There are 4 protein chains.
Amino acid sequence: MAKQIRTIGVMTSGGDSPGMNAAIRAVARACSYYNVKCIGFYRGYQGMIENDYCEMNARSVRNIISAGGTILKSARSEEFKTAEGRKKAAENLKKAEVDAMILIGGDGTFKGGKIFSEEHDIPVIGVPGTIDNDIAGTNFTIGYDTALNTVVDAIDKIRDTASSHDRLFFIEVMGRDAGFIALNSGVGAGAEEILIPEEDLGLDRLLESLKRSKRSGKSSSIVVVCEGDKIGKNVYELADYVTENMPDYDVRVTVLGHMQRGGSPSCFDRTLASRLCVKAVELLLDGEQNVMVGLLNNKIVATDFDNGLKEDHSINKELLRISDILSV
Amino acid sequence: MAKQIRTIGVMTSGGDSPGMNAAIRAVARACSYYNVKCIGFYRGYQGMIENDYCEMNARSVRNIISAGGTILKSARSEEFKTAEGRKKAAENLKKAEVDAMILIGGDGTFKGGKIFSEEHDIPVIGVPGTIDNDIAGTNFTIGYDTALNTVVDAIDKIRDTASSHDRLFFIEVMGRDAGFIALNSGVGAGAEEILIPEEDLGLDRLLESLKRSKRSGKSSSIVVVCEGDKIGKNVYELADYVTENMPDYDVRVTVLGHMQRGGSPSCFDRTLASRLCVKAVELLLDGEQNVMVGLLNNKIVATDFDNGLKEDHSINKELLRISDILSV
Amino acid sequence: MAKQIRTIGVMTSGGDSPGMNAAIRAVARACSYYNVKCIGFYRGYQGMIENDYCEMNARSVRNIISAGGTILKSARSEEFKTAEGRKKAAENLKKAEVDAMILIGGDGTFKGGKIFSEEHDIPVIGVPGTIDNDIAGTNFTIGYDTALNTVVDAIDKIRDTASSHDRLFFIEVMGRDAGFIALNSGVGAGAEEILIPEEDLGLDRLLESLKRSKRSGKSSSIVVVCEGDKIGKNVYELADYVTENMPDYDVRVTVLGHMQRGGSPSCFDRTLASRLCVKAVELLLDGEQNVMVGLLNNKIVATDFDNGLKEDHSINKELLRISDILSV
Amino acid sequence: MAKQIRTIGVMTSGGDSPGMNAAIRAVARACSYYNVKCIGFYRGYQGMIENDYCEMNARSVRNIISAGGTILKSARSEEFKTAEGRKKAAENLKKAEVDAMILIGGDGTFKGGKIFSEEHDIPVIGVPGTIDNDIAGTNFTIGYDTALNTVVDAIDKIRDTASSHDRLFFIEVMGRDAGFIALNSGVGAGAEEILIPEEDLGLDRLLESLKRSKRSGKSSSIVVVCEGDKIGKNVYELADYVTENMPDYDVRVTVLGHMQRGGSPSCFDRTLASRLCVKAVELLLDGEQNVMVGLLNNKIVATDFDNGLKEDHSINKELLRISDILSV
């Protein structure tokens, strides 16, 4: 029989994403609602190792639902990758009488949580918080929608000046291993081309496409490039290559960078975070453990960590086709 | 055998919503891609009756993906509700050699389209464009996501001044028959109470809840009220009622109004519109007709009009529960 | 000789405005920089009367520069209008060893401060913080620029739907006694008409202008109405009047309300608040008192309270003329 | 005696800036109001040389007040720097019966316009449109305010993630020769350090300041770097240098780039553009010529080109001092 849960710990780990604060708030408030004590660990696993935490109640998360970043801070912990580090963390949880943990983060966070839980018999539940959307077990991760709006808003601005000056812009967006941001923001921003790691377009076809685009009457163009793109050149090299081969085009580069991780979360990310974290608390109280919560077909569901972790959250190739059709 | 489609007409009808331009662009571009002529009718059914249209090509929808409103304008047509009116529209389509229509709008638009199609044997496909999200056959309608962000952004601003002055605000949002906007924006904005037509909270419980909220240490509060709320009082009467019963609270009212219908569409609404409308064109070319396209479980699917129209797109009661838990 | 200043108090009073937090931060940081103790009183004069305050240092104003509202809260105090109330406040300041006060607020705040300072020989300096911009002695008040952007952003959204549906919108903006917001946002939003208290257009000329506008080919129109407009009808009555006299126009009303007071301050308001408050601290340390600081000809200058208070900050009539020319 | 003005030409030149469309609209509408014909040349001086223009009326500038970029496009013209090129332009103006030109752009645009006007006896008036704010004769150039808000909005987002991860960010903003954007956005965003070309801080003092900042309890920091900074290292080299010397700091770089040139203009830039361009038309009709219009002490005034051009629009050193005080 599952032991009774009297205290739940929560932390944020990995790259931060907009909506993590809404998630922390939902954990703290749901704990308060169910009369469970809530403890927040700082800087993810590192704070668990260093016993760096604060007690949280309904009031201590006041007005954070609209704030970007994470009040619990985030970090990547090398020490937690060692059995020694995880042992320290487990001992600290025991001292603080933490009965279960809610882990808000991405793929790496969940992998660490699974090992930790198995080694030390501490129930954990994962909540997908990352702008990359590269987690199976959920249609959307917390922060992804906001990041898309940030990117599209930036590209809209760049489009203004690109049109005024008849320029071609290469715009690099985040996504180390997955092209979700590039693909969706590219379609949303009406980009002429989208380069993602999952599909190698090839330099020849890129050139050909840009030339066709120019012939069709377009005087300016936007190419969205995923940072993890595997076309063999980085975004600056790409720009040089195109400049060489299309000397009449005035080519520029923008790397959007870390602004994609910040900003006030969208309504979608706030409600997603709220729903997922209330569910996470309720699952723990029901004796559930070692699952991640996700949004599938518009419903909040729990998925076994192994299914959540497997890398089958494949990119939606349909969108590449849509992009081709719409950039005629 | 379905006749060949050489010309597709498109229009926007009913209350406008952000993303309608992205939808029109996608129809025009997909037509161009498939070498089909595209004609845009102005002001929905009324333009069909008055034969008010323009030819559209890939270039004529340049740079509209980011624009709110609809370049084809929208209207409600009383005349189209008569057989006479629909006959005129059908004759105009015949004259302009329009083989099929794509109808971007809501429930009322689809109902009219169904009758029109049956009477005059013209294939139509419906694309759900409305901020209200009250259509079965799709998880999301075009414009809904943007409207939620507009509402949450406005409430965030009101929250600033409510907190500074320890006030209670009643904020009315759109939704004549459905509480989708109220419910989701209310959770997203961290509202203390949400009043929707689908669930009559009752005045006593509202008062009780506000008093409990005040006792728990909250000095300011936000109540989101759906315009179609059935609590028996409009938002001003509600404010008066609470002022009478909680004289120590400084109560204010904001009716957000039509700004909820405008603004540059979110990335979500742009990609949704793009995907739905490419699909709509492709379905027509494949001989499909009299369906609506929608997003179900993250996939674009066609639904029979009758299923799309039936009013079973019930509100997510889970969110009311979430709201209760999170406003502790 | 002026006594040495060891402790400076700060408060925000009257209607709150975006940038008040940036102002509080600048006071606290400047005090820290000059090794002066800083104390923040809550809810303006009321907190001084109730001895409700906190000590502030450089860290306690961390990350508030971007936040709307005021962390010190604001209020209007009836008690401070009495000699009794002001005496209580003065005694509390003495107990807390506060040597001088910085008052962030509008006209009413300054008037109270002047009396208080004279009665109790406590140096005060006023910082103009109000969205209304109705203070002589400064070209711009803190919060005014942000409010203008909020209004223009809202009207842009309403313009989208007004254009789509060929509608006429009456939009009421804040400004009880002064038409600054209406006039500048009206020009910025490209409104067809602007109604302000300082200039009574008259109903006949309004109708005439709207009819001329329609004849010239405009199918939709925006009329910005200042809440303090003296045309003799409120915004709803205006709408009814126009509907009666121009039955072919579909007329709607939006009252923007309190969202105009909130939101993250613009860069302009943040730098203005920063510059004004550093100057306010430095003036106190230099033995100056009973002045307000303001921005005149792009420089920070101190103005005698009496000059700052006098109501000669007259509206820029040039803008009305500009509006007439540009709405052809 | 000045000849009568029957046709006014307008163009935008140099780097584009938000509000140029509002300026074009104001020229076209003012021309319409005064019954003067208006002609818009594309791509600045290049369009005048290539005789690439369109006639404009009050309706052709409909709804562009809120749009970034410039519908007349912008360019830099090498050919116009030759007497030959300017002669072609003058002949084209004669053929099109253009009596005077309004030139919207920056310093380089005005210099070219002055020579052109003197050589060919064509009245010109300059309107300052550039995000850089580096023009004497006006307190503010069109587009500067919007660029500041774009930068501050981006830094706010980066601040979110910088705080979450305890990082130090170097953020490069535009300004080839002038530090206006860096200085004002840096103060507005609460940056810890601001590096501008007008003031060489020196690497040692930068390091010292960052170390002091860390000792004082700040775990994250923002350094705003003007692209034209003369510290002798570009922003990436700066980051490397600091990483070497402060190995415990996690240093990142963002180059904001061209998004600073785009976006919907702020209310301030829209009203500024409107006021300046109505004045420009009126001055031409009054026989005035070869001046620039500007905003000085909140009034629209004309300045002789030579005074407008001289490089004495020196940076506000007061702001550097403010920044030092506020980053304690």
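Residues numbered from 1 in each chain as written. Chains lettered and ligands numbered in written order. Predicted model: local features only at pLDDT ≥ 70, side-chain atom pairs only at ≥ 80, totals over all residues. Heavy atoms only, no water.

K.L.:
Lay out the arrangement of the chains with the relevant residues and their values.
P.N.:
Taking C-alpha atoms as the reference, chain A and chain C come no closer than 10 Å and do not contact one another. Taking C-alpha atoms as the reference, chain B and chain D come no closer than 10 Å and do not contact one another. (Contact = heavy atoms within 4.5 Å.)

K.L.:
Would you mind going over the interface of chain A and chain B in detail, with residue names and values included?
P.N.:
Taken together, the 57 residues of chain A in the interface contact 56 residues of chain B. At the boundary of chain A and chain B, one finds 6 salt bridges. The shortest N-O distance in the salt bridge between R270(B) and D156(A) comes to 2.7 Å. Along the contact surface separating chain A from chain B lie 17 residue pairs in polar contact (both at pLDDT 80 or more). Of all elements in the fold, only α1 (20–33), α5 (144–165), α6 (180–188), α9 (267–285) and α11 (317–326) of chain A reach the threshold of two or more residues within the side of chain A that touches chain B. Counting residues per element, the side of chain A that touches chain B draws most heavily on α9(A), which supplies 8 residues. Partitioning the side of chain A that touches chain B into residue classes produces 21 nonpolar, 22 polar and 14 charged. (Salt bridge = Lys/Arg side-chain N within 4 Å of Asp/Glu carboxyl O. Polar contact = N/O pair within 3.5 Å; in protein donor to acceptor, adjacent residues only side chain to side chain. Helix = DSSP H or I, 4+ residues; strand = E, 2+ residues; numbered from the N terminus. Nonpolar A, V, L, I, M, F, W, Y, C, P; charged D, E, K, R; others polar.)

K.L.:
Give me the lowdown on the packing of helix α9 (residues 267–285) of chain C against helix α6 (residues 180–188) of chain D, citing residues and values where you can.
P.N.:
Remark: α9(C) packs on α6(D), axes separated minimally by 8 Å, with the N-to-C direction vectors making an angle of 75°. As judged from the angle between their axes, α9(C) and α6(D) are roughly perpendicular. Contacts from C267(C), R270(C), T271(C) and S274(C) in α9(C) reach N184(D), S185(D), V187(D) and G188(D) in α6(D). When the residues that make up the contact of α9(C) with α6(D) are grouped by side-chain class, the tally is 2 nonpolar, 5 polar and 1 charged. (Axes fitted to C-alpha atoms, helices over the stretch in contact; angles between N-to-C directions. Parallel < 35°, antiparallel > 145°, perpendicular 65-115°, else oblique.)

K.L.:
Pulling in residues and values, what's your account of the nonpolar core?
P.N.:
Core analysis: the biggest nonpolar cluster contains 308 residues, and I102(A), I102(B), I102(C) and I102(D) have the highest contact counts within it. Leave out the neighbours within four places in its chain, and I102(B) touches I8(B), G9(B), V10(B), M11(B), V27(B), I125(B), V127(B), A280(B), V281(B) and L284(B). (Core = buried A, V, L, I, M, F, W, Y, C linked by side-chain atoms within 4.5 Å. Buried < 20%, exposed > 50% of the residue type's maximum accessible area, 1.4 Å probe, protein only.)

K.L.:
Give a detailed account of the relation of the copies chain D and chain A, specifying residues and quantitative values.
P.N.:
Laying chain D over chain A is done by rotating through 180° and shifting 0.0 Å along the axis; what remains is an RMSD of 0.0 Å. Those values place the two copies in the arrangement expected of a two-fold rotation axis. With an isologous cut-off of 70% or more, the 100% of interface residues of chain D that recur at the interface of chain A puts this contact in the isologous class. (Least-squares fit on C-alpha atoms with pLDDT ≥ 70 in both.)

K.L.:
Before we move on, could you go through the interface of chain D and chain A and cite the residues and values that matter?
P.N.:
Chain D puts 33 residues into the contact, and the matching count from chain A is 33 residues. Regarding the contact of chain D and chain A, the summed buried area is about 2,400 Å², with carbon and sulfur atoms giving 51% of it. Here chain D is connected to chain A by 2 salt bridges. Our enumeration of links across chain D and chain A arrives at 20 residue pairs in polar contact (both at pLDDT 80 or more). Contributions of two or more residues to the side of chain D that touches chain A are made by α5 (144–165), β6 (167–173) and β9 (250–255) of chain D. (Buried area = accessible area lost by both parts, 1.4 Å probe.)

K.L.:
I'd like a rundown of the domain arrangement of chain A, residues and numbers included.
P.N.:
Residue and element names in this part refer to chain A. Looking at the assigned domains, one finds that chain A contains domain 1 (7–143 + 265–309) and domain 2 (145–261). The centre of domain 1, based on its C-alpha atoms, is set 34 Å off from the matching centre of domain 2. Both sides together, the interface formed by domain 1 and domain 2 hides about 1,100 Å², and carbon and sulfur atoms give 50% of it. On inspection of domain 1 and its partner domain 2, the count reaches 0 salt bridges. At the junction of domain 1 with domain 2, the criterion picks out 7 residue pairs in polar contact (both at pLDDT 80 or more). (Domains from an automatic or database assignment.)

K.L.:
Can you break down the sheet that holds strand β6 (residues 167–173) of chain A residue by residue, with the values?
P.N.:
All names here are of chain A. Spatially, the 4 strands line up as an open sheet ordered β7-β8-β6-β9, and their pairing is parallel. Each of the sheet's edge strands pairs with one partner strand only, and the pair in question is β7 (193–195) and β9 (250–255). If you compare each strand with its neighbour and ignore which way they point, the axes differ by 20° on average. Alignment of β7 against strand β8 (residues 221–226), held across 3 bridges, turns out to be parallel. (Pairing = 2+ DSSP bridges.)

K.L.:
Help me get a handle on the pattern of salt bridges, residues and values and all.
P.N.:
It is possible for side chains of opposite charge to pair when their charged atoms get near one another. Tallied over the entire structure, the rule returns 84 salt bridges over all chains. R43(D) is the salt-bridge partner of D52(D), the closest N and O atoms lying 2.9 Å from each other. Since its relative accessible area comes to 26%, D52(D) is described here as partly exposed. A salt bridge links D250(D) to R167(D), with the shortest nitrogen-to-oxygen separation between them at 2.8 Å. Of this pair, D250(D) sits in strand β9 while R167(D) sits in strand β6, and the two are 83 residues apart along the sequence. A network of salt bridges, in which partner residues are shared, links R43(A), E50(A) and D52(A).

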